[in-house]
Amino acid sequence: MLHKWIWLISFYQLGLLVSLSRATCNVCNTVNSMACYSVNQTQACDASNLPTGSPYDCPSGYVCVSGSNGVLCQPEASASSEADCQDCNKCDSTNTFACTSTNTFALCLGTTTPQNSIGTCADGYVCNVNYTQICGLEADGVMPTCSYADDTTTTTTTTTTVTTSTTATISTSDASTYCSAIESQGKYPVGYDPDTTCHQYIYCFINDGSWDGQTYTCPGSLYFSSSSNMCVSTMPANCAAWTGSTSTTTTVAPTTSNPDAYCAAMQSEGYYPMGTDASTTCHEYVYCFLLSGSWNGQMYECAGNLYYDSSSKLCVSSLPATCSTTVASLTLNGVTL
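Residues numbered from 1 in each chain as written. Predicted model: local features only at pLDDT ≥ 70, side-chain atom pairs only at ≥ 80, totals over all residues. Heavy atoms only, no water.

- As named in an unreviewed UniProt entry, the protein is Chitin-binding type-2 domain-containing protein, taken from Drosophila willistoni.

Dropping the structure here:
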């Protein structure tokens, strides 16, 4: 009987290792200096062994696998169980959020694509795409959906509270300063000018324990798309609606008194959440619209004890996952919620 339990425990541990290896993304393989960007995309790594190149699609029917032979696209029929990134950057079943690293996530806003959003879990919590509160305690057995190369631990994360004022801004003119402010790995747009900054993006990463950043320019006439995190040929909507401002700063903190500033940062018509406080802002939402070439916003509050759900875009009776105490911070298009 004892041997049976030892075998079962070993089999369970092996299952966990397989599960974690399948979730790993953005980890450079030293064999060929490549990383898996998604389940069917590869990405080149730079001299510092960081994945910074534009993602490349695997052939149809192939998946990305990182192994002893390097990062390769292999036939899905034979390698589907070994494919990396199967659930990273993939919206959950309610299209509310997607895990983007061990303890970060992005909002999906009712779509199947992660939006330009950065969410961080509270200390000791990890992101799990199947967990109803987004972030769960690893000590309670909740395993992270994603694991990235710069994750030094899966049990703690450092968060910074950004002061919410109508004048607070994060400049994109210096990549390292920008990344030190947002404290999250990933690629982020530089600005809205269709002739210049719309072709650029900032890649944030941890270097020797500190946040660092590098500004890149898409090749040729390609634009950086914040929704796909790729260089694309189609001009993003936020650049097409650009009104001529040369500012490369992003408004950080909307309040109930400045919905226009909130929508200027959103640069897209639609309904958006106001915050993560269960007693106040979780009941509110903003409708953004373009009027005479300028972005305007109107703030609304759900009736009674209802909450605004960013996925269904409806007022609901149940508390949204984004309002859970397991979430430490959340931004959308550079705006702190």
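**Side note on helix H5 (residues 259–266)**
Part 1 of the reasoning: Of the positions making up H5, those classed as buried are Pro259, Tyr262, Cys263, Ala265 and Met266. With its buried residues spanning 155 degrees around the axis, H5 presents them on a single face.
Part 2 of the reasoning: Of the residues trailing H5, Gln267 is marked for its positive phi of about 55 degrees. (Buried < 20%, exposed > 50% of the residue type's maximum accessible area, 1.4 Å probe, protein only. Helix = DSSP H or I, 4+ residues; strand = E, 2+ residues; numbered from the N terminus. Arc of directions from axis to C-beta.)

**Things to note about helix H3 (residues 175–182)**
Part 1 of the reasoning: For H3, every residue scored as buried is listed here: Ala175, Tyr178, Cys179 and Ile182. Viewed end-on, H3 has its buried residues packed into an arc of 95 degrees, placing them on one side of the element.
Part 2 of the reasoning: Positive phi appears at Glu183, one or two residues downstream of H3, with a value of about 50 degrees.

**Structural notes on the sheet that holds strand S14 (residues 210–217)**
Part 1 of the reasoning: Across the sheet, three strands lie side by side as S12-S13-S14; this open sheet has antiparallel pairing. Here the strands that pair on one side only, and so sit at the sheet edges, are strand S12 (186–189) and S14. Each strand of the sheet is rotated relative to its neighbour by a mean of 30 degrees, with strand direction disregarded.
Part 2 of the reasoning: Sheet contacts for H3: S12, strand S13 (200–207) and S14; angle to S14, the most-contacted strand, approximately 130 degrees. (Pairing = 2+ DSSP bridges. Axes fitted to C-alpha atoms, helices over the stretch in contact; angles between N-to-C directions. Contact = heavy atoms within 4.5 Å.)

**Overview of the sheet that holds strand S1 (residues 34–38)**
Part 1 of the reasoning: With antiparallel pairing, the three strands of this open sheet are ordered in space as S1-S2-S3. The open sheet has two free edges, formed respectively by S1 and strand S3 (56–57), since each of these has just one partner strand.
Part 2 of the reasoning: Direction of pairing for S1 relative to strand S2 (residues 41–44): antiparallel, over a ladder of four bridges. For Ser38, the partnering residue across the bridge sits in S2 and is Gln41.

**Quick look at the nonpolar core**
As a rule of thumb, nonpolar side chains are buried together in soluble globular proteins.
Part 1 of the reasoning: Ranked by internal contacts, the top residues of the largest apolar core, which has 33 residues, are Phe105, Ile134, Tyr262 and Met266.
Part 2 of the reasoning: Every element with two or more residues in this core is listed here: S1, strand S6 (97–101), strand S7 (104–107), H5, strand S19 (284–291) and strand S23 (327–332).
Part 3 of the reasoning: For this core, the leading source of residues is H5, giving four residues.
Part 4 of the reasoning: When residues are assigned to domains, this core turns out to be shared by domain 1 (22–85) and domain 3 (259–336), each giving three or more.
Part 5 of the reasoning: Setting aside residues up to four positions removed in sequence, Ile134 forms contacts with Phe97, Phe105, Val126, Cys127, Asn128, Ala321, Thr322 and Val327.
Part 6 of the reasoning: Membership of the second largest hydrophobic core comes to nine residues, among which are Ile118, Cys179, Tyr188 and Cys204. (Core = buried A, V, L, I, M, F, W, Y, C linked by side-chain atoms within 4.5 Å. Domains from an automatic or database assignment.)

**Side note on the pattern of salt bridges**
Part 1 of the reasoning: For the structure shown, the criterion picks out one salt bridge.
Part 2 of the reasoning: Asp87 is the partner of Lys90 in a salt bridge, and the nearest nitrogen-oxygen pair spans 3.9 Å.
Part 3 of the reasoning: For Lys90, a relative accessible area of 46% translates into the label partly exposed. (Salt bridge = Lys/Arg side-chain N within 4 Å of Asp/Glu carboxyl O.)

**As for empty space enclosed by the protein**
Part 1 of the reasoning: Under the criterion given, the structure shown has one cavity of 30 Å³ or more.
Part 2 of the reasoning: One number sums up the size of the largest cavity: a volume of about 40 Å³.
Part 3 of the reasoning: Contributing to the lining of the largest cavity are Pro273, Met274, Gly275, Thr281, Cys282, Glu284, Tyr308, Ser310, Pro320, Thr322 and Cys323.
Part 4 of the reasoning: For the lining of the largest cavity, the per-class residue count stands at six nonpolar, four polar and one charged. (1 Å grid on protein atoms, 1.4 Å probe; cavity = no way out; pocket = protein on both sides within 12 Å on 5 of 7 lines; lining within 4 Å. Points joined across faces, edges and corners; volume = space filled by probe spheres on them. Nonpolar A, V, L, I, M, F, W, Y, C, P; charged D, E, K, R; others polar.)

**Some thoughts on the pairing of S14**
Part 1 of the reasoning: Bridge analysis of S13 against S14 gives eight bridges, and the strand direction is antiparallel. Across the sheet, residue Ile206 finds its bridge partner in S14, namely Trp211.
Part 2 of the reasoning: Taken together, S13 and the strand that follows it, S14, pair antiparallel across an intervening segment of two residues, in which Asp208 is found at a positive phi of about 55 degrees.

**Here we look at the layout of surface pockets**
Over the atoms, a rolled probe matching the size of one water molecule traces out where space is still vacant.
Part 1 of the reasoning: Of the volumes computed, that of the second largest pocket is approximately 700 Å³.
Part 2 of the reasoning: The wall of the second largest pocket is formed by 36 residues, among which Tyr37, Asn89, Thr100, Pro114 and Asn229 lie closest to the centre.
Part 3 of the reasoning: Elements with a minimum of two residues in the lining of the second largest pocket: S1, S2, S6, S7, strand S8 (117–121) and S12.
Part 4 of the reasoning: Its residues assigned to classes, the lining of the second largest pocket comprises 13 nonpolar, 21 polar and two charged.
Part 5 of the reasoning: Counting only domains with at least three residues in the lining of the second largest pocket, you end up with domain 1 (22–85) and domain 2 (175–232).

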